[in-house]
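Structure at a glance
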Amino acid sequence: MSADTLVTLHGRTVLACAADGPKLCSAADATDVIGEALGYGADLVLLPVRRLAVEFFTLRTGVAGELVQKFVNYRLRLAVVGDVSPHVARSTALRDFVAEANRGDQLWFVATMAELEERLRHRDERAAAKTD
């Protein structure tokens, strides 16, 4: 099993979770990742989509809400990286959840690292424009 790594993206300390790590399917699982991220001083967690339990993608289970709320409570941003389109195609509710999350700043679903870096760059540009 690979280890999680600490990286810097656009001046942010990011905990990049290993793709082959344990699946997150409960608040306790999220707390483990959050503890690691906070220990490193990270403000963003990059989580490969394959690390999410299948229950995450069925919103009525409550798993997505439980996991995301944990990250919000600890003021950690979460980026889920990978292809969620098969899950989104099966659920209008999930499609809407992903779209709404991507409009915000706390949780993003991105297909690739390049897309995440682009979002961070745009966020930095918007922040800089507000201070001008």
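Details of the structure are given in the entry above.
Residues numbered from 1 in each chain as written. Predicted model: local features only at pLDDT ≥ 70, side-chain atom pairs only at ≥ 80, totals over all residues. Heavy atoms only, no water.

In spatial order, the strands read 1-2-3-4-5; together these 5 strands make up an open sheet with mixed pairing. Pairing within the sheet leaves two strands with one partner each, and these edge strands are strand 1 (5-9) and strand 5 (107-110). The average undirected angle you get between the axes of adjacent strands in this sheet is 25°. Two strands pair when backbone bridges link them, and strand 2 (residues 12-16) and strand 3 (residues 44-48) are joined in this way by 3 bridges, in the parallel orientation. Residue pairing in the sheet places Val14 in a bridge with Leu44 of strand 3. (Pairing = 2+ DSSP bridges. Helix = DSSP H or I, 4+ residues; strand = E, 2+ residues; numbered from the N terminus. Axes fitted to C-alpha atoms, helices over the stretch in contact; angles between N-to-C directions.)

Counting residues in each nonpolar core, the largest one holds 29 residues, and the members touching the most others are Val45, Phe56, Phe71 and Phe109. Of all the secondary structure elements, the ones that give two or more residues to this core are helix 1 (27-40), strand 3, helix 2 (63-73), strand 4 (77-81), helix 4 (92-103) and strand 5. The leading source of residues in this core is helix 2, at 5 residues. Setting aside its immediate chain neighbours within four residues, Val45 contacts Leu15, Cys17, Val33, Ala37, Phe71, Leu76, Arg77, Leu78 and Ala79. Residues Leu9, Val14, Val81 and Leu116 belong to the second largest nonpolar core, which totals 11 residues. (Core = buried A, V, L, I, M, F, W, Y, C linked by side-chain atoms within 4.5 Å. Buried < 20%, exposed > 50% of the residue type's maximum accessible area, 1.4 Å probe, protein only. Contact = heavy atoms within 4.5 Å.)

With that settled, the discussion passes to the pattern of salt bridges. If the charged atoms of two oppositely charged side chains come close together, the side chains can form a pair. According to the stated counting rule, one finds 5 salt bridges in the structure shown. Residues Arg95 and Asp96 are paired through a salt bridge, measuring 3.1 Å at the closest nitrogen-oxygen approach. Relative accessible area serves as the criterion here: at 42%, Arg95 is assigned to the partly exposed category. For Asp96, a relative accessible area of 41% corresponds to the partly exposed category. (Salt bridge = Lys/Arg side-chain N within 4 Å of Asp/Glu carboxyl O.)

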